[in-house]
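Results of the structural survey
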Amino acid sequence: MLSEEILKVVFPCLEAKDLTRCMLVCKLWRETAEDDYNWKCLCAKRWPSVCRKSELLNMSYLQLYRMLCKRKRSKKFLPPRLSFTDLDFCIDIWCEEKLVYSEVVPGTLLQTRTSAFPVGMPDVVKFHLSSSDYKMTIPMQPRFNIPLGQTVCVSVLVVRRDSRKVACIINRSLFEYIDRSTFRAMAFDYLDFSPAHPFVSGVRAWISLLFMDHGDDGAADVFGIELDFCDAANTEDQVLWLLDMLDWQ
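Predicted model, so just to flag it, every value in this text is computed and none were measured.

Let's shift gears to the packing of aromatic side chains. The tally for this structure, following the rule as stated, stands at nine aromatic pairs. Arranged with centres 5.5 Å apart and planes meeting at 55 degrees, the rings of Trp39 and Tyr65 form a pair that is tilted. Of this pair, Trp39 sits in helix H4 (residues 36–46) while Tyr65 sits in helix H5 (residues 61–68), placing them 26 residues apart in sequence. Each member of the pair Trp39 and Tyr65 is classed as buried. Between Trp47 and Tyr65 the ring centres are 5.9 Å apart and the planes differ by 65 degrees, which places this aromatic pair in the edge-to-face class. Taken together, the positions of Trp47 in the loop between H4 and H5 and Tyr65 in helix H5 put the pair 18 residues apart, joining distant regions of the chain. Members of the aromatic cluster, joined through ring pairs, are Tyr177, Phe188, Tyr190 and Trp206. Arg160 extends its terminal NZ or CZ atom over the ring of Trp248, reaching a point 5.4 Å from the ring centre. A cation over an aromatic ring shows up here: Arg204 above the ring of Phe188, its NZ or CZ 5.4 Å from the ring centre.

Shown next, in the form of structure tokens:
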């Protein structure tokens, strides 16, 4: 068994996981490994400034290291206060200022990932829609064509059935991102949050037109809409919490 003097020379050179294992060997090793000097050496590697004045701390360096390096557990969301049965989504699309689509879509229809898309849908779109990312999609009824060279914009409002309050998700945003290789035209807008959440900002809502390209006619045959909040929400509960924080009027 190594003497205590040798342990005091070796232990300050060890990493935290090795020092922790040494505590399991015997009582002498545990008491020596718990010496605060060993943990001060480890803290000095990560947070050197805090080790310059030990009187700043109200805890030992061992306690400090354990607190700052504690494995973070994933936090579970509380059940959201909203549900998709409480919501209606008002979607309007204009092409060169001409209204081409205007519908009130029940939240329950957007909530369910639909498979009622047309035969002949491109494989790249099928792959995208089958991914694990949380997306809300609906088929377009009726379908319509959009000339790819024309200006297309969209607005999306959400209405609460219980209070009849309205919040804006997307306000007259242009479909500036048109990718013919993935058969999607995309637009976004930044969400407006309630003053009760002053530190939440910079979260975008994305809406995509899913289309088929039938050749050289220069028009997109739009067959579906996709709405997502992938900047901040990737599950149904997260989306509902995000919507709950909007600036409802």
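Following the structure, the description resumes.
The next thing to look at is the pairing of strand E5 (residues 166–174). Judged from the six bridges that link them, strand E4 (residues 152–160) and E5 form a sheet pairing that is antiparallel. Across the sheet, the residue bridging to Leu157 is Cys168, located in E5. Counting the residues in the hairpin turn of E4 and E5 gives five residues, including Arg164, whose phi is positive at 60 degrees.

Attention now moves to the sheet that holds E5. Strand order across the open sheet formed by four strands is E2-E1-E4-E5, with antiparallel pairing between neighbours. With one partner strand each, in any of the chains shown, strand E2 (98–106) and E5 form the two edges of the open sheet. Pairs of neighbouring strands in the sheet enclose a mean axial angle of 10 degrees, with direction left out of account.

With that settled, the discussion passes to unusual backbone geometry. Positive phi outside glycine occurs at Glu96, with the angle close to 50 degrees. Tracing the backbone through its elements, the reader meets Glu96 in the loop between strand E1 (87–95) and E2. Owing to a relative accessible area of 44%, Glu96 belongs among the partly exposed residues under this scheme. Positive phi is not limited to glycine here, since Arg172 has a value of about 50 degrees. Relative to the assigned elements, Arg172 resides in strand E5.

The next point concerns the sheet that holds strand E9 (residues 219–228). Read across the open sheet, the five strands follow the order E3-E9-E8-E7-E6; overall the sheet is antiparallel. With partners counted over all chains shown, the strands left at the sheet margins are strand E3 (136–147) and strand E6 (177–179), one partner each. Between one strand axis and the next, the sheet turns through 25 degrees on average, direction left out of account. Relative to strand E7 (residues 184–190), E6 is paired through three bridges, and the arrangement is antiparallel. Pairing of Ile178 across the sheet is with Ala185, part of E7.

Time to look at the pairing of E2. Of the pairings in the sheet, the one linking E1 to E2 comprises eight bridges and is antiparallel in character. Bridge pairing in E2 links Asp88 to Pro106. The hairpin turn running from E1 into E2, its antiparallel successor, is two residues long, and Glu96 in that turn takes a positive phi close to 50 degrees.

Parameters and conventions
Residues numbered from 1 in each chain as written. Predicted model: local features only at pLDDT ≥ 70, side-chain atom pairs only at ≥ 80, totals over all residues. Heavy atoms only, no water. Phe/Tyr/Trp six-rings, centres within 6.5 Å; stacked < 30°, edge-to-face > 60°. Helix = DSSP H or I, 4+ residues; strand = E, 2+ residues; numbered from the N terminus. Buried < 20%, exposed > 50% of the residue type's maximum accessible area, 1.4 Å probe, protein only. Lys NZ or Arg CZ within 6 Å of the ring centre and 35° of its normal. Pairing = 2+ DSSP bridges. Axes fitted to C-alpha atoms, helices over the stretch in contact; angles between N-to-C directions.

Taken by themselves, the reported measurements are silent on function.
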